Number of protein chains: 2
Amino acid sequence: SCPGFGSVAKYVAVSIREAAFDVASMAKTSTKVFVMEVMGRHAGWIAAAGGLAAETEGDAPQVILFPEVAFDEEAFLARVKDSVEKNEYCAIVVSEGVRNSEGKFLSEAGGTDAFGHAQLGGVAPIIAELVKQKLGYKYHWAVCDYLQRAARHIASAVDVEQAYAMGEAAVNFALEGRNGMMPVVVRTNNDPYHWQVGHALLADVANVEKKMPPEYISEDGFGITEQCRRYLQPLIEGEAYPPYKNGLPDYVRLKNVPVPKILNTPFEIS
Amino acid sequence: SCPGFGSVAKYVAVSIREAAFDVASMAKTSTKVFVMEVMGRHAGWIAAAGGLAAETEGDAPQVILFPEVAFDEEAFLARVKDSVEKNEYCAIVVSEGVRNSEGKFLSEAGGTDAFGHAQLGGVAPIIAELVKQKLGYKYHWAVCDYLQRAARHIASAVDVEQAYAMGEAAVNFALEGRNGMMPVVVRTNNDPYHWQVGHALLADVANVEKKMPPEYISEDGFGITEQCRRYLQPLIEGEAYPPYKNGLPDYVRLKNVPVPKILNTPFEIS
């Protein structure tokens, strides 16, 4: 996994759990469907992380929409209806990259408006409006965008540890003259979770996206499997709170002052 | 202030600070403008809380859009441009209730699309798209929605203490037969912050919204004053982390089992 992912995963799982409790408390008389949009244009790892919040039958999120699964409107609506009838509400995590059966992004399916303006983006409002039009349920929606990847306040302790290790390893790679490669987290055992620092060639990883394997997505396409949960769970473990000042995280600000060049050995990226 | 507000305020201030660091780190070559939409249909208290993140000249958010201030497109764009030129980026907090000079919600100004469908809502994408069209800056936007009011994981310690006190007071009011009233937080001193439990008649507070006083909004209409900061700051103080299990907040679930009625004195809401 990539450094940073564990903390995004934790943010997404925490956020959908919290919002779902909010919806559940009002569902009888108000909002019944909540849609939360997360990043992932082609791969559904972040959406899958939302599934960690659902530990017991009926827990939110009741529906996850992955970029890897073509959107099936009828099956989706049936699933939402079923959840509302069973749980009084339905919490949905949708990946920004969800597509229809023709491979077109749902967020683009609307095309342009009457003035030829491009649609303003966001698949959450489209999913929410669909639910309203077809099932009549009152909805709310959120779009996490940068909040999910910047949320150091709810970082995973495992992820923070790995991020520091990657930084240290990268500096050592540079000092050792190893270039064209980057340090990576290598999982050596699943349960208990063990990892070590490895390396990958930039040529192998740059611009390569790893999609969710089919065995990580439940058969109906709307959730994660136990195998996926076992893979993701270790990455969100532990809390690593930043220091606070005046009620706000007191983040370090780099001065970004250029320093004299130390490495004088010429190198090319191999 | 209302119980719950301090925690929403803390979430909003933390979130805009974090997202702004993200944008700042990429602004030279990528996204320059980030827009975060918060709740507040008629009153800008939550948007104002975002202003707590800006402790030093140039800090995010550089622009706040309040429902109390008619949206001035020209002044807004000039302000965004100025911020991008000075800071390389601009972080904007926009209240869902921001209106144009005719008093119309910006989120509704677009009306319906080519098919007569109502617009899907969200003022953040409208503001972001305006910036793109008029200034050409690349943007990202987020809509917090329920996440902001459900985020117990980043609750303010002051707010949690007050919420418990309000709950206890409400039970005592009921036991004492005092009805038609609710407990409220009464501020008795600003610095150091002191408060006590008071009460308000429901008839006086139900359906009444308190707008931001003019002296809390900066003269240019895009920020908060020191007076506003002094009022809001105590409400976000202190962290009150929930217990965690499996990397996620372990929230109490009520069984919602009906119990026999204890209070048998008949009463009417006065």
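Residues numbered from 1 in each chain as written. Chains lettered and ligands numbered in written order. Predicted model: local features only at pLDDT ≥ 70, side-chain atom pairs only at ≥ 80, totals over all residues. Heavy atoms only, no water.

1. Overview of the overall build of chain A
The number of helices and strands found in chain A is 9 helices and 8 strands. Looking at chain A residue by residue over its 270 residues, the buried ones come to 50%. Taking the contacts inside chain A whose residues are at least 6 apart along the sequence as the reference set, 70% of them involve residues at least 24 apart. Of the roughly 13500 Å² of accessible surface on chain A, a fraction of 54% belongs to carbon and sulfur atoms. Separation of charge centres in chain A, based on 25 positive and 34 negative side chains, amounts to 4 Å. (Helix = DSSP H or I, 4+ residues; strand = E, 2+ residues; numbered from the N terminus. Buried < 20%, exposed > 50% of the residue type's maximum accessible area, 1.4 Å probe, protein only. Contact = heavy atoms within 4.5 Å. Areas by Shrake-Rupley, 256 points an atom, 1.4 Å probe, with all protein chains shown as cover. Lys, Arg positive; Asp, Glu negative; His and termini not counted. Charge placed at Lys NZ, Arg CZ, Asp CG, Glu CD.)

2. Some remarks on the nonpolar core
Membership of the largest hydrophobic core comes to 106 residues, with the highest contact counts inside it found for Tyr11, Phe34 and Leu147 of chain A together with Tyr11, Phe34 and Leu147 of chain B. Among all residues touching Phe34 of chain B, those that are not within four sequence positions of it are Asp145, Tyr146 and Leu147 of chain A together with Ile16, Ala19, Val23, Cys90, Ala91, Ile92, His140, Trp141 and Ala142 of chain B. (Core = buried A, V, L, I, M, F, W, Y, C linked by side-chain atoms within 4.5 Å.)

3. Considerations on the relation of the copies chain B and chain A
Mapping between the two copies of the chain is achieved by a rotation about an axis and a shift along the axis. The two copies are related by a screw motion: chain B maps onto chain A through a turn of 180° and a shift of 0.0 Å along the axis, at an RMSD of 0.0 Å. When the rotation and shift are considered jointly, the pair of chain copies conforms to a two-fold rotation axis. The share of interface residues of chain B whose copies in chain A are also at the interface is 100%, consistent with both copies meeting through the same surface. (Least-squares fit on C-alpha atoms with pLDDT ≥ 70 in both.)

4. Here's the deal with the packing of aromatic side chains
All names here are of chain A. Under the definition given, this model contains 13 aromatic pairs over all chains. Ring geometry for Tyr216 and Tyr231: centres 5.8 Å apart, planes at 40°, overall tilted. Residue Tyr216 is found in the loop between α8 (202-205) and α9 (226-232), and its partner Tyr231 is found in helix α9; the two are separated by 15 residues along the sequence. One exposure class covers both Tyr216 and Tyr231, and it is buried. (Phe/Tyr/Trp six-rings, centres within 6.5 Å; stacked < 30°, edge-to-face > 60°.)

5. Notes on a nonpolar patch on the surface
A contiguous nonpolar patch, built from Met182, Leu202 and Val205 of chain A and spanning about 190 Å² of accessible area, is present on the exposed surface. Inspection of the secondary structure assignment puts Leu202 of chain A in helix α8. (Patch = residues over 30% accessible without salt bridge, like charges linked within 9 Å, V, L, I, M, F, W, Y side chains within 5 Å. Salt bridge = Lys/Arg side-chain N within 4 Å of Asp/Glu carboxyl O.)

6. Considering the interface of chain B and chain A
Opposite the 57 residues of chain B that make contact, chain A presents 58 residues. If you look at where chain B meets chain A, you find 4 salt bridges. At the boundary of chain B with chain A, the tally comes to 25 residue pairs in polar contact (both at pLDDT 80 or more). When residues of the side of chain B that touches chain A are traced back to their parent elements, those giving at least two are α1 (5-26), β1 (33-38), α5 (124-135), β4 (139-143), α6 (146-150) and β8 (248-249) of chain B. (Polar contact = N/O pair within 3.5 Å; in protein donor to acceptor, adjacent residues only side chain to side chain.)

7. Thoughts on the state of the cysteines
One pass over the full model with this rule turns up 0 disulfides over all chains. Cys90 of chain B takes part in no disulfide bond, and the closest cysteine sulfur, belonging to Cys144 of chain B, lies 16 Å away. A disulfide-free cysteine, Cys144 of chain B has its sulfur positioned 8.7 Å from the sulfur of Cys144 of chain A, the nearest such atom. (Disulfide = S-S within 2.5 Å.)

8. Details of the environment of Val63 of chain B
Residue and element names in this part refer to chain B. Take Val63: it is sitting in strand β2 (residues 63-65). Spatially, the C-alpha atoms of Val63 and Tyr11 are 18 Å apart, while their sequence positions differ by 52 residues. Not counting chain neighbours up to four residues away, the residues in contact with Val63 comprise Phe76, Arg79, Val80, Cys90, Ala91, Ile92, Val93 and Phe222.

9. Structural notes on the domain arrangement of chain A
All names here are of chain A. Taken domain by domain, chain A comprises domain 1 (5-150) and domain 2 (153-241). Here the C-alpha centre of domain 2 lies 25 Å away from the C-alpha centre of domain 1. Contact residues are listed per partner, giving 27 residues for domain 1 and 26 residues for domain 2. In this assembly, domain 1 packs against domain 2 so that about 2300 Å² is buried in total across both faces, 68% of it on carbon and sulfur atoms. Taken as a group, Lys10, Trp45 and Leu52 account for 33% of the area that domain 1 buries against domain 2, more than any other trio of residues on that side. Counting across the interface, domain 1 meets domain 2 through 2 salt bridges. Measuring nitrogen to oxygen at the nearest pair gives 2.4 Å for the salt bridge that ties Arg79 to Asp220. (Domains from an automatic or database assignment. Buried area = accessible area lost by both parts, 1.4 Å probe.)

10. Let's talk about the pattern of salt bridges
Residue and element names in this part refer to chain A. Here the structure, examined in full by the defined rule, presents 22 salt bridges over all chains. Across the salt bridge formed by Lys134 and Glu73, the nearest N and O atoms sit 3.6 Å from each other. Of this pair, Lys134 sits in helix α5 (residues 124-135) while Glu73 sits in helix α3 (residues 73-87), and the two are 61 residues apart along the sequence. Ionic pairing is found between Lys86 and Asp82, a salt bridge with its closest N-O pair at 3.1 Å. Taken together, the residues Lys86 and Asp82, both in helix α3 and 4 residues apart, mark about one turn of the helix. Here Lys86 falls in the exposed class, since its relative accessible area comes to 62%.

11. Points about the environment of Val259 of chain B
Residue and element names in this part refer to chain B. Along the chain, the position of Val259 falls in the segment after β8. Residue classification places Val259 among the exposed positions, given a relative accessible area of 67%. Counting along the chain gives 16 residues from Val259 to Pro243, while the straight-line C-alpha distance between them is 28 Å.

12. Description of the packing of helix α3 (residues 73-87) of chain B against α5 of chain B
In helix packing, the relevant descriptors are the interaxial angle and the interaxial distance, both defined with respect to the helix axes. Residues and elements named next belong to chain B. Where α3 meets α5, the closest approach of the two axes is 11 Å, and the angle between their N-to-C directions is 75°. As summarised for this structure, α3 and α5 are arranged roughly perpendicular, according to the angle between their axes. Residues Glu73, Phe76, Leu77, Val80 and Lys81 of α3 form the contact with α5, whose participating residues are Ile127, Leu130, Val131, Lys134 and Leu135. Among the residues making up the contact of α3 with α5, the classes are represented as 7 nonpolar, no polar and 3 charged. (Axes fitted to C-alpha atoms, helices over the stretch in contact; angles between N-to-C directions. Parallel < 35°, antiparallel > 145°, perpendicular 65-115°, else oblique. Nonpolar A, V, L, I, M, F, W, Y, C, P; charged D, E, K, R; others polar.)

13. Brief notes about the side chain of Ser218 of chain B
All names here are of chain B. One can find Ser218 in the loop between α8 (202-205) and α9 (226-232). At a separation of 2.8 Å, a polar atom in the side chain of Ser218 contacts the side chain of Asp220. The contacts of Ser218, once residues within four sequence positions are left out, are Gly223, Ile224 and Thr225.

14. Section: α3 of chain B
Residue and element names in this part refer to chain B. In this model α3 runs 21 Å from its N-terminal to its C-terminal C-alpha over 15 residues, within 8% of the 21 Å that 1.5 Å per residue would give. Phe76, Leu77, Val80, Ser83 and Val84 are the residues of α3 that are buried. Around the axis of α3, the buried residues are gathered within 125° of arc, so they sit on the same side. Of the exposed residues in α3, the ones pointing more than 90 degrees away from its buried face are Glu74, Glu85 and Lys86. In the core, the buried residues of α3 are packed alongside β1, β2, β3 (90-95) and α5. Positioned one or two residues after α3, Glu88 has a phi angle of 75°, which is positive. (Expected span 1.5 Å × (residues − 1). Arc of directions from axis to C-beta.)

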